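Spelled out, the chains give:
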Amino acid sequence: MGYDTIQTGQEEAESTTNLNLGNVLPSFGEQQQPATHLYVSISELIMEKIFFHPNYASMVDSLDTVELEAINAILGEQSASEFFVETLVNAIKAANIASYDTVRLELNDANSYEMSALLGGGAEPDEVNPCLGLRGVSRFASDAYKACFALECEVIKRLRADGINVEIVVPCVRALSDAAKIIDRLAEQGLPRGLNGLKVLFACDTPSAVLLSERLLQYFDGLVIKVESLTQLTLGVDINQEELVHLYDPQNEAVLKLIKEAVTASKEARKPVLLTIGALDDYPVLKDFIAELGRIDVYSTAA
């Protein structure tokens, strides 16, 4: 992981393109290398640093004693809100933040299955297929998650108040109505797009986001191709089911076609395109394919 340049092998030097590799927080790969941009996953930081569901107070009466004592031990003298914001802000600042020109911060992308694994996870609804359930804008716009969304926004405001160039990435934008909804919700939290240069990007987790990308880019400042989510929902494969893992293939022609369409839409709109993937080197066909599409900021969670 880190900054790198990959030659496409095209005959003319002027047609050579770059994959601008950035760092990821938290990182599950090897030591990070010098890079100009950082991708922060709020959902992963919640799992790694917070440990409890930010909305656990809504069902505190039904928590068993052990679970409640564990949460209280984590909080110490702080309130849940103070702990949530301070812990995430400090974790992000500790990532040598001054060395990055841009920090792309993705709002909570965890699904109900992942969130229910936290202490106080009983606050999550039971869903038959969490991958297709309460995620992204649907979560942020729900009454149940309103207070938690406000905490995520507070983290962003604190970082920007300290002069850090934070761009917001909105996960799981499924429809045009989601675009207008999240832009309004962010503005209500004191994060209107464009204010003091604030940029808001949307993530292509679903085929619908790709197919609507030309119109969605009228609401946003760029897009993020999340290869893992896009592959699962394009091929109808849940990688949490072991018997289906062999069908998961980010190099499938259907996935590559959607990636190309998203990149093309961004290039035509003259807005940045980012790509996140687990381990890019595991997929040489995909690596060569995206290298030929032009300059793309790529984030890999594994070296």
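Remember, predicted model here, so these are calculated numbers, not experimental data.

So, how was this worked out
- Positions within a chain are numbered from 1, following the residues in the order the chain's sequence is written.
- Given that the model is predicted, a residue must reach a pLDDT of at least 70 before its local features are reported, and side-chain atom pairs must reach 80 or more before they are shown or counted; all residues, however, enter totals for whole chains, interfaces and linings.
- As a rule here, side-chain values come from all non-hydrogen atoms in the structure, and water together with hydrogens is ignored.
- UniProt positions are given in the numbering used here, feature names are shortened, and annotations may be inferred rather than shown by experiment.
- Each helix corresponds to a stretch of at least 4 residues labelled H or I by DSSP, and each strand to a stretch of at least 2 residues labelled E; elements are numbered beginning at the N terminus.
- Exposure classes here rest on a 1.4 Å probe applied to the protein chains alone. A residue is buried below 20% of its type maximum, exposed above 50%, and partly exposed in between.
- Note on aromatic contacts: the rings of Phe and Tyr and the six-membered ring of Trp form a pair at centre separations within 6.5 Å, being stacked when their planes are under 30 degrees apart, edge-to-face when over 60 apart, and tilted otherwise.

(A) Just the UniProt feature "domain: PEP-utilising enzyme C-terminal" (unreviewed entry) in the protein, in detail. The positions that UniProt labels "domain: PEP-utilising enzyme C-terminal" (unreviewed entry) are, in the present scheme, residues 107-294. Helix makes up 43% of residues 107-294 and strand 10%. Its end C-alpha atoms lie 27 Å apart.

(B) Molecular detail of unusual backbone geometry. Backbone torsion omega between L25 and P26 reads -10 degrees, so that peptide bond is classified as cis. Relative to the helices and strands, P26 is located in the loop between β1 (19-25) and β2 (37-41). The phi torsion at C172 lies on the positive side, around 50 degrees, for a residue other than glycine. Position of C172 relative to the elements: it lies in the loop between β4 (166-170) and α7 (176-188). The class for C172 is buried, based on a relative accessible area of 1%. Of note in this structure, N196 is not a glycine but carries a positive phi near 55 degrees. Along the polypeptide, N196 turns up in the loop between α7 and β5 (200-204).

(C) Layout of the packing of aromatic side chains. According to the stated counting rule, one finds six aromatic pairs in the structure shown. Taken together, a centroid distance of 5.0 Å and an interplanar angle of 45 degrees make the contact between Y39 and Y299 tilted. Remark: Y299 occurs in strand β8 (residues 296-300) and Y39 occurs in strand β2; sequence separation between them is 260 residues. Considered together, Y39 and Y299 belong to a single accessibility category, that of buried residues. An angle of 45 degrees between the planes, with centres 6.4 Å apart, marks the rings of F140 and Y145 as tilted. Assigned by exposure class, F140 and Y145 land together as buried.

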